[in-house]
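Listed below, chain by chain, are the residues.
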Amino acid sequence: MTAFLLGVAIFLLANVAAGLVRVIRGPTQADRVVAAQLFGTTGVAILLVLSVAMDARPLRDVALIFALLAVVISVAFVKRGWVRAPGQPSRAEPSLPREEP
Amino acid sequence: MSVELMVNGLTVVLLVIGCFFFLAGTVGLLRFPDLYCRLHALTKADALGLGFVTAGVALQLGAWHEILLLAALWLLVLSAAATVCHILASEALAQGVEPIQAGAGRAGSMDSEVDASSAEDGSEGGDGARARRGVSP
């Protein structure tokens, strides 16, 4: 059973490694953040499987932290990190109309 | 003994199904041509795969509170995936990232790879246009 669980963990790790290709090739920043979402979800699954395979209970709490941080990454990217093209203000933070003197 | 064997077998089945959905999400992330398509593939398939993996892992645990922790974790990931998909897609749309429309071909593809069939279609269209131009005068 432990060998099977470790095999599942290695397969999921291979998924993460394949997702790195999108990080390299991704034409926009948003594609790379989508790949980061893949890392978050798959990392949670890897930690859950390893917590059973290695009988390590704290890994489940680490998985919970991973799930929370994956959300924070995307929200921070949308609110702060996304470099906007000039003349296209964000819908979340509309620019104030310029007052005529 | 037999019950333990059944539980282990069910765990194996659930983990294999979960791995299949994770593989589907990764393939979608790598192969789909558009940011919106990639978001669609990744957030749904990975959340479902994580649900199967969580169920398989929960069968191996003894205590109820640990199973409840796993259920809460899956619900958190589900709602987080839906929310993240929505905010990324709506922000991309607000910034003018054009989604690929059905029937528009792959001209608007953000991926640099153009497969042979669409290249042939483009050349045929070019021949037809030249033929029409040749006929008209």
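Not measured: the values here are computed from a predicted model.

### Describing the overall build of chain B
- Helix and strand content of chain B: 4 helices and 0 strands.
- Listed N to C, the secondary structure of chain B is α-α-α-α in terms of helices and strands.
- A fraction of 70% describes how many contacts in chain B between residues 6 or more apart in sequence connect residues 24 or more apart.
- Of the roughly 7700 Å² of accessible surface on chain B, 69% is carried by carbon and sulfur atoms.

### Comments concerning the interface of chain A and chain B
- Facing 47 residues of chain A, the contacting portion of chain B comprises 44 residues.
- Roughly 4000 Å² is buried in total at the junction of chain A and chain B, and carbon and sulfur atoms are behind 75% of that figure.
- Of all residues in chain A, A:Arg22, A:Val34 and A:Trp82 bury the most surface against chain B, accounting for 14% of the area lost on that side.
- If you look at where chain A meets chain B, you find 7 residue pairs in polar contact (both at pLDDT 80 or more).
- Of all the elements in the fold, those that place two or more residues in the side of chain A that touches chain B are helix H1 (2–25), helix H2 (29–53) and helix H3 (58–81) of chain A.
- Per-element tally for the side of chain A that touches chain B: the top contributor is H2(A), with 14 residues.
- Taken together, the residues that form the side of chain A that touches chain B break down as 30 nonpolar, 9 polar and 8 charged.

### Section: empty space enclosed by the protein
- In this structure the tally under the stated criterion is 1 cavity of 30 Å³ or more.
- If you go around the largest cavity, you meet 16 residues; those closest to its centre are A:Gln37, A:Thr41, A:Ala70, B:Val77 and B:Ala81.
- Of all elements in the fold, only H2 and H3 of chain A together with helix H2 (35–58) and helix H3 (64–94) of chain B reach the threshold of two or more residues within the lining of the largest cavity.
- Element by element, the count of residues in the lining of the largest cavity is highest for H2(A), at 5 residues.
- Partitioned by chemical class, the residues of the lining of the largest cavity number 11 nonpolar, 4 polar and 1 charged.

### Thoughts on unusual backbone geometry
Residues and elements named next belong to chain A.
- You will see that aspartate 55, though not glycine, has its phi angle at about 55 degrees, which is positive.
- Along the chain, aspartate 55 turns up in the loop between H2 and H3.
- A residue is classified by how much of its surface remains accessible, and aspartate 55, at 70% relative accessible area, is exposed.

### Some points on the nonpolar core
- Among the nonpolar cores identified, the biggest contains 27 residues, and A:Leu12, A:Val44, A:Leu48, A:Val49, B:Val53 and B:Val57 are the most heavily contacted of them.
- Of all the elements in the fold, those that place two or more residues in this core are H1, H2 and H3 of chain A together with helix H1 (2–31), H2 and H3 of chain B.
- In terms of residues, this core owes the most to one element, H2(A), which gives 9 residues.
- Grouped together as the second largest cluster of nonpolar side chains are 18 residues, A:Ala35, A:Leu38, B:Tyr36 and B:Leu39 included.

### Comments concerning a nonpolar patch on the surface
- On the surface, A:Ile65, A:Leu68, A:Leu69 and A:Val72 cluster together into a nonpolar patch covering about 360 Å² of accessible area.
- Tracing the backbone shows A:Leu68 in helix H3.

Cut-offs applied
Residues numbered from 1 in each chain as written. Chains lettered and ligands numbered in written order. Predicted model: local features only at pLDDT ≥ 70, side-chain atom pairs only at ≥ 80, totals over all residues. Heavy atoms only, no water. Helix = DSSP H or I, 4+ residues; strand = E, 2+ residues; numbered from the N terminus. Contact = heavy atoms within 4.5 Å. Areas by Shrake-Rupley, 256 points an atom, 1.4 Å probe, with all protein chains shown as cover. Buried area = accessible area lost by both parts, 1.4 Å probe. Polar contact = N/O pair within 3.5 Å; in protein donor to acceptor, adjacent residues only side chain to side chain. Nonpolar A, V, L, I, M, F, W, Y, C, P; charged D, E, K, R; others polar. 1 Å grid on protein atoms, 1.4 Å probe; cavity = no way out; pocket = protein on both sides within 12 Å on 5 of 7 lines; lining within 4 Å. Points joined across faces, edges and corners; volume = space filled by probe spheres on them. Buried < 20%, exposed > 50% of the residue type's maximum accessible area, 1.4 Å probe, protein only. Core = buried A, V, L, I, M, F, W, Y, C linked by side-chain atoms within 4.5 Å. Patch = residues over 30% accessible without salt bridge, like charges linked within 9 Å, V, L, I, M, F, W, Y side chains within 5 Å. Salt bridge = Lys/Arg side-chain N within 4 Å of Asp/Glu carboxyl O.

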